Amino acid sequence: MNPFLLYLFAFLFGAVVGSFLNVCIFRIPLGASLISPSSCCPRCRTPIKAYDNIPILSYLLLGGKCRSCKASISARYPVVESMMGLFSVFLMLKFGLSPSFFIYFILISSLVVMSFIDLDHRIIPDVISLPGIAVGLLASFVKPPGHNDFLVRFVFKTVKGSINMATLDSLLGIFIGGGLLYAVAVLFYWVTKKEGMGGGDIKLLAMIGAFLGWSSTLFTVLVSSLIGSMVGVALMVATGADSKYAIPFGPFLSIGAVIYLFFGRELIRWYLHFRI
Ligand SMILES: [Zn+2]
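As a starting point, this report considers the structure included with it. Owing to the predicted nature of the structure, the values given are computational and were not obtained by experimental measurement.

Quick word on the overall build of the protein chain
(1) Moving on: Scanning the protein chain from terminus to terminus reveals ten helices and zero strands.
(2) Moving on: Listing every helix and strand of the protein chain by position from the N terminus yields α-α-α-α-α-α-α-α-α-α.
(3) Moving on: Computed over its C-alpha atoms, the radius of gyration of the protein chain comes to 20 Å, within 12% of the 19 Å expected for a compact globule of 276 residues.
(4) Moving on: Taken over the C-alpha atoms alone, the protein chain extends approximately 65 × 55 × 35 Å along its principal axes.
(5) Moving on: Pairs at least 24 apart in sequence give 69% of the contacts found in the protein chain among residues at least 6 apart.
(6) Moving on: With an accessible surface of roughly 15700 Å², the protein chain has 73% of that area assigned to carbon and sulfur atoms.
(7) Moving on: Mean positive and mean negative side-chain charge positions of the protein chain (21 and 11 charges, respectively) differ by 3 Å.

Written out as structure tokens, the structure is:
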């Protein structure tokens, strides 16, 4: 296939899925059905016609306003659609048209939905993270064998190779990812007597570990804490608010996981080389 066409299809596929993800972000916290009723304007309740529901384009053509009542539509809709279109192109560039493309497309879609729900409601819904852990583990059966690190090889030898390395890495990811944040939560509570890390974050990192393996969980925690504290300080300086306005951690874990997905191995290799 003409590579330009392939990337164009990847973008459109991402944008269309992004349009559905907007519905998920809005409806999952309400416990509403994802399929019916079809979308309508939140103000005048006019159902949105199919020709006004084209990802990105409709928003631009309508100038970000409802066709009947002219109420402005959140810019988040085209933002999520464009984001998913671009992620889809990046995944196609990195993995080509392969099982990995679809596996990581599912991961990124879930991370986007959970991040926006966490921003809106300060919750990370179990209905995504728990099935996500299972999907990540199942996906390890179709992943190419590829790289494996010392811990995976060590455990693999210990269990006499009765399980494939990708699945072993996924299992280690679930337990190390979940266990790591659980330990942080317990320690934080022990020191401050306040709830810091939520159970949602623990399950989210377990899901990231299921998809990306155990080393991704350490990387994700480090990178997300780093970015999260920088953003936290910037927000405190900008708004003059103190740290009791805790910012949700889910979006930062998601950003960390996406950085690992695209650049993790290169960054770790660079860091280890740099250290030696
Ligand atoms: Zn309207």
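Back to the write-up after that little detour.
Side note on the coordination of the zinc ion
(1) Moving on: Ligation of the zinc ion by protein atoms is provided by Cys41 (SG), Cys44 (SG), Cys66 (SG) and Cys69 (SG), these donors lying 2.3 Å from the ion.
(2) Moving on: Note that the zinc ion binds four donor atoms; their angles at the metal cover 107 to 112°, and the shape is tetrahedral.
(3) Moving on: We note that the donor set of the zinc ion lies within a single chain, spaced as C-x2-C-x21-C-x2-C. For the residue pair Cys66 and Cys69, the accessibility class agrees, reading buried in each case.

Quick look at unusual backbone geometry
In most cases, non-glycine residues show a negative phi, while peptide bonds are predominantly trans.
(1) Moving on: Look at the link from Ser36 to Pro37: it is a cis peptide, with omega at -5°.
(2) Moving on: With respect to the element layout, Pro37 can be found in the loop between α1 (3-27) and α2 (57-61).
(3) Moving on: You will see that Arg122, though not glycine, has its phi angle at about 60°, which is positive.

Quick notes on a nonpolar patch on the surface
(1) Moving on: A contiguous nonpolar surface patch, about 650 Å² in accessible area, is contributed by Met1, Phe4, Leu5, Leu8, Phe9 and Leu12.
(2) Moving on: Using a relative accessible area of 38% as the deciding quantity, one classes Leu5 as partly exposed.

Digging into helix α4 (residues 99-121)
(1) Moving on: The end-to-end C-alpha distance of α4, which contains 23 residues, comes to 33 Å, matching closely the 33 Å that a straight helix rising 1.5 Å per residue would cover.
(2) Moving on: Extensive coverage of α4 is indicated by the burial of 17 of its 23 residues.
(3) Moving on: Directly beyond the C-terminal end of α4, a positive phi value near 60° is found at Arg122.

Side note on helix α6 (residues 150-158)
(1) Moving on: Two or three places before Leu151, at the opening of α6, Asp149 has a side-chain oxygen 3.2 Å from that residue's backbone nitrogen.
(2) Moving on: Positive backbone phi, at 60°, marks Lys160, one or two positions downstream of α6.

Quick notes on the nonpolar core
(1) Moving on: Counting 54 residues, the largest nonpolar core has Leu91, Ile108, Leu111, Val113, Ile208 and Leu212 as its most contacted members.
(2) Moving on: For this core, the secondary structure elements donating two or more residues are α1, α3 (76-95), α4, α5 (126-139), α7 (165-192), α8 (199-212), α9 (214-239) and α10 (250-275).
(3) Moving on: The element contributing the most residues to this core is α4, with twelve residues.
(4) Moving on: Not counting residues up to four positions away in its chain, the partners in contact with Leu91 are Gly96, Phe101, Tyr104, Phe105, Ile108, Leu261 and Phe262.
(5) Moving on: Counting residues in hydrophobic clusters, the runner-up holds five residues, among them Val152, Val155, Leu168 and Trp214.

The rules we used
- Residues numbered from 1 in each chain as written.
- Predicted model: local features only at pLDDT ≥ 70, side-chain atom pairs only at ≥ 80, totals over all residues.
- Heavy atoms only, no water.
- Helix = DSSP H or I, 4+ residues; strand = E, 2+ residues; numbered from the N terminus.
- Rg over C-alpha atoms; globule rule 2.2 N^0.38 Å.
- Contact = heavy atoms within 4.5 Å.
- Areas by Shrake-Rupley, 256 points an atom, 1.4 Å probe, with all protein chains shown as cover.
- Lys, Arg positive; Asp, Glu negative; His and termini not counted.
- Charge placed at Lys NZ, Arg CZ, Asp CG, Glu CD.
- Donors = N, O, S within 2.8 Å, 3.2 Å for Na, K, Ca; no water.
- Tetrahedral: all angles 85-135°; square planar, octahedral: opposite > 155°, others 65-115°.
- Buried < 20%, exposed > 50% of the residue type's maximum accessible area, 1.4 Å probe, protein only.
- Patch = residues over 30% accessible without salt bridge, like charges linked within 9 Å, V, L, I, M, F, W, Y side chains within 5 Å.
- Salt bridge = Lys/Arg side-chain N within 4 Å of Asp/Glu carboxyl O.
- Expected span 1.5 Å × (residues − 1).
- Polar contact = N/O pair within 3.5 Å; in protein donor to acceptor, adjacent residues only side chain to side chain.
- Core = buried A, V, L, I, M, F, W, Y, C linked by side-chain atoms within 4.5 Å.

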